[in-house]
Amino acid sequence: MKDRIFLSFPHLGGHEMQYINEAFSGSWVVPLGPHVDKFEQRLEEYTGASHVVALSAGTAALHLALVMLGVTAGDEVLCQSFTFSASANPVKYQGANPVFVDSEPTTWNMSPESLEEAINDRKKVTGRYPKAIVVVHLYGMPAKMDEILEIARRYAIPVLEDAAEALGSEYHGKKCGTLGNYGALSFNGNKIITTSGGGALICPDAEAARHVKFLATQAREPMPYYFHKELGYNYRLSNISAGIGCGQMEFITDRVARRRAIHNLYTEGFKNVEGITVHQNPSADVKSNFWLTTILFDENLHISPEDVRQALEAENIESRWLWRPMNMQPIYADAPFYGSDCAERIFNSGLCLPSGSILTDDEIHRVIDCVTQYISKRQ
Ligand SMILES: *Cc1c(COP(=O)(O)O)cnc(C)c1O
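Residues numbered from 1 in each chain as written. Predicted model: local features only at pLDDT ≥ 70, side-chain atom pairs only at ≥ 80, totals over all residues. Heavy atoms only, no water.

Of the regular secondary structure elements, the chain holds 12 helices and 14 strands. Computed over the C-alpha atoms, the radius of gyration of the chain is 21 Å, within 12% of the 21 Å expected from 2.2 N^0.38 for a compact globule of 379 residues. Considered along the principal axes of its C-alpha atoms, the chain spans approximately 75 × 60 × 35 Å. The buried share of the chain, taken over its 379 residues, is 55%. In the chain, the share of contacts with a sequence separation of at least 24, taken over all contacts with a separation of at least 6, comes to 72%. As displayed, the chain offers around 15,800 Å² of accessible surface, 51% of which is attributable to carbon and sulfur atoms. One finds the centroid of the 34 positive side-chain charges in the chain at a distance of 3 Å from the centroid of its 45 negative side-chain charges. (Helix = DSSP H or I, 4+ residues; strand = E, 2+ residues; numbered from the N terminus. Rg over C-alpha atoms; globule rule 2.2 N^0.38 Å. Buried < 20%, exposed > 50% of the residue type's maximum accessible area, 1.4 Å probe, protein only. Contact = heavy atoms within 4.5 Å. Areas by Shrake-Rupley, 256 points an atom, 1.4 Å probe, with all protein chains shown as cover. Lys, Arg positive; Asp, Glu negative; His and termini not counted. Charge placed at Lys NZ, Arg CZ, Asp CG, Glu CD.)

Given below as structure tokens:
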């Protein structure tokens, strides 16, 4: 059996242990500490954001952003349907209700037309506008932010970017996560960088960042005894995890460059294979980090993603279905949905290919050969 090729395996830089050892020798085996400050600083330098708060998970970042935006019980929040459930679940944590919006075919992200339709219809149905918009840069591909932000401004609805998959992606010269009111990042094991588990929230100003830190550390008021006026959370990143993050940030530019190079290899490799389209940037000033390279099979070939997945698995190659849209999930069966079948069709005809920055060119070619052989046998 050939060595296993994983979808997106953690890629260590080499200095992570050094940072961890530093934390141990300085008795900083605690939440907070100097590595947390340093990690936040490195994220700020890299994204160009001025106020980044390191948290225990991307999901925690999304949750706190909703708290900061004043989302409470009974509110509605507009969410992209084509995403991982962690984008929408925090809406439920607040006792609020997600309203799902379909994607458009160029970026696979939130359709501005369906978004505006949803805003107007919710106002008609409930008498109120939704409280926030959660837009996702799926697989690292920036959403149509100019159009979405213009609509958001017109209706005065704040925008939370779920940039969990989009660290390093750029939209018109700006990093994803810095375009809306808040931006959430994830450092889970399979993302662009890992802290073994962690996230961060990009905040609009110093006061918001200060309040996010306060909420993330149990909302303890500055009193000699424990005194609480607000509901607190234990959502801060540990100093050990932040140390791993500092080690990871040393190589962030290389990691993003490698994901993009892998995407180029796939694009070249499938150039002459009929029936396969590699998802591409829609224009030169929109630059996905290509966290995962995704492909679509021509719908009239009637190829099931599951068959290709199994063909790859037989060669010890891990691939994955695209995210199953939230309007197709039993847990959200009753949530309102606006749009048509754009995301559903993409889901039914696509696949995520191994894209970890640790993969070699030879390994990518193994994947290309296996997919190509499967397709040619079908034709
Ligand atoms: C990974 C991910 C999250 C959640 O991040 P965690 O750090 O795993 O909590 C949220 N949204 C999207 C789109 C993701 O891919």
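Still more ground to cover, so stick around.
Before going further, it helps to examine the pattern of salt bridges. Counted under the stated rule, the structure contains 16 salt bridges. The partner of Arg-154 in a salt bridge is Glu-116, and the shortest N-O contact between them spans 2.8 Å. Here Arg-154, found in helix 6 (residues 145-155), pairs with Glu-116, found in helix 5 (residues 112-126); they are 38 residues apart in sequence, far enough to count as distant. Take Arg-154: its relative accessible area is 45%, and that puts it in the partly exposed class. In this structure, Glu-170 and Lys-175 form a salt bridge, with 3.7 Å as the shortest nitrogen-oxygen distance. Side by side, Glu-170 and Lys-175 carry an identical accessibility label, which is buried. One network of salt bridges, with partners in common, ties together Glu-40, Lys-213 and Arg-236. (Salt bridge = Lys/Arg side-chain N within 4 Å of Asp/Glu carboxyl O.)

Among the structural elements, His-11 can be located in the segment before helix 1 (16-25). In this structure the side chain of His-11 is engaged in a polar contact, spanning 3.4 Å, whose partner is the backbone nitrogen of Ile-358. Not counting chain neighbours up to four residues away, the residues in contact with His-11 comprise Gln-248, Arg-255, Ser-357 and Ile-358. (Polar contact = N/O pair within 3.5 Å; in protein donor to acceptor, adjacent residues only side chain to side chain.)

Turning next to the layout of surface pockets. If a probe as big as a water molecule is rolled over the atoms, it shows which places are left empty. The volume enclosed by the largest pocket comes to roughly 260 Å³. The wall of the largest pocket is formed by 20 residues, among which Phe-84, Ala-86, Ala-164, Ser-186 and Lys-191 lie closest to the centre. Here the lining of the largest pocket gets three residues from one element, more than from any other, and that element is helix 3 (residues 58-68). For the lining of the largest pocket, a count of residues per class yields eight nonpolar, eight polar and four charged. When residues of the lining of the largest pocket are sorted by domain, at least three fall in each of domain 1 (16-251) and domain 2 (253-378). Every element with two or more residues in the lining of the second largest pocket is listed here: strand 10 (276-278), strand 12 (293-297) and helix 11 (342-349). Of the residues forming the lining of the second largest pocket, the biggest block, four residues, is contributed by helix 11. Taken together, the residues of the lining of the second largest pocket sort by class into seven nonpolar, four polar and four charged. (1 Å grid on protein atoms, 1.4 Å probe; cavity = no way out; pocket = protein on both sides within 12 Å on 5 of 7 lines; lining within 4 Å. Points joined across faces, edges and corners; volume = space filled by probe spheres on them. Nonpolar A, V, L, I, M, F, W, Y, C, P; charged D, E, K, R; others polar. Domains from an automatic or database assignment.)

In terms of nonpolar packing, the biggest core is built from 60 residues, with Phe-39, Leu-115 and Tyr-139 touching the most fellow members. For this core, the leading source of residues is helix 6, giving six residues. Apart from the residues lying within four places of it in its own chain, the contact partners of Tyr-139 are Trp-108, Glu-165, Ser-288, Asn-289, Phe-290, Trp-291, Leu-292, Thr-294, Leu-322, Trp-323 and Cys-352. (Core = buried A, V, L, I, M, F, W, Y, C linked by side-chain atoms within 4.5 Å.)

Bringing the domain arrangement of the chain into the picture now. Each domain of the chain was delimited in the assignment, giving domain 1 (16-251) and domain 2 (253-378). Between domain 1 and domain 2, the contact holds 43 residues from the first and 40 residues from the second. Summed over the shared surface of domain 1 and domain 2, the result is zero salt bridges. Here domain 1 and domain 2 share 28 residue pairs in polar contact (both at pLDDT 80 or more) between them. At the level of secondary structure, the elements contributing two or more residues to the side of domain 1 that touches domain 2 comprise helix 4 (89-93), strand 3 (97-101), helix 5 and strand 6 (170-171). When residues in the side of domain 1 that touches domain 2 are grouped by element, the largest group, five residues, is from helix 5. Its residues assigned to classes, the side of domain 1 that touches domain 2 comprises 20 nonpolar, 14 polar and nine charged.

Around the ligand, 16 residues are found, and the nearest of them are Thr-59, Asp-162, Glu-165, Ser-186 and Lys-191. Within the backbone of Gly-58, one N or O atom sits 2.8 Å away from an oxygen atom of the ligand. In the environment of the ligand, an oxygen atom lies 2.8 Å from a nitrogen or oxygen atom belonging to the side chain of Asn-188. Burial of the ligand by the surrounding chains reaches 94%, relative to a free accessible area of 380 Å². Cavity membership is defined here by more than half of the atoms lying within 2 Å of grid points; on that basis the ligand lies in the largest pocket. (Near = heavy atom within 4 Å. Sits in = over half its atoms within 2 Å of the grid points.)

Ordered in space as 10-12-14, the three strands form an open sheet in which the pairing is antiparallel. The strands lining the two open edges of the sheet, one partner per strand, are strand 10 and strand 14 (350-353). The sheet shows a mean angle of 30° between the axes of neighbouring strands, direction not considered. As paired elements, strand 10 and strand 12 share three bridges and run antiparallel to each other. Bridge pairing in strand 12 links Ile-276 to Phe-297. Across the sheet, helix 10 (residues 305-314) touches strand 12 and strand 14, and the angle it forms with strand 14 is around 30°. (Pairing = 2+ DSSP bridges. Axes fitted to C-alpha atoms, helices over the stretch in contact; angles between N-to-C directions.)

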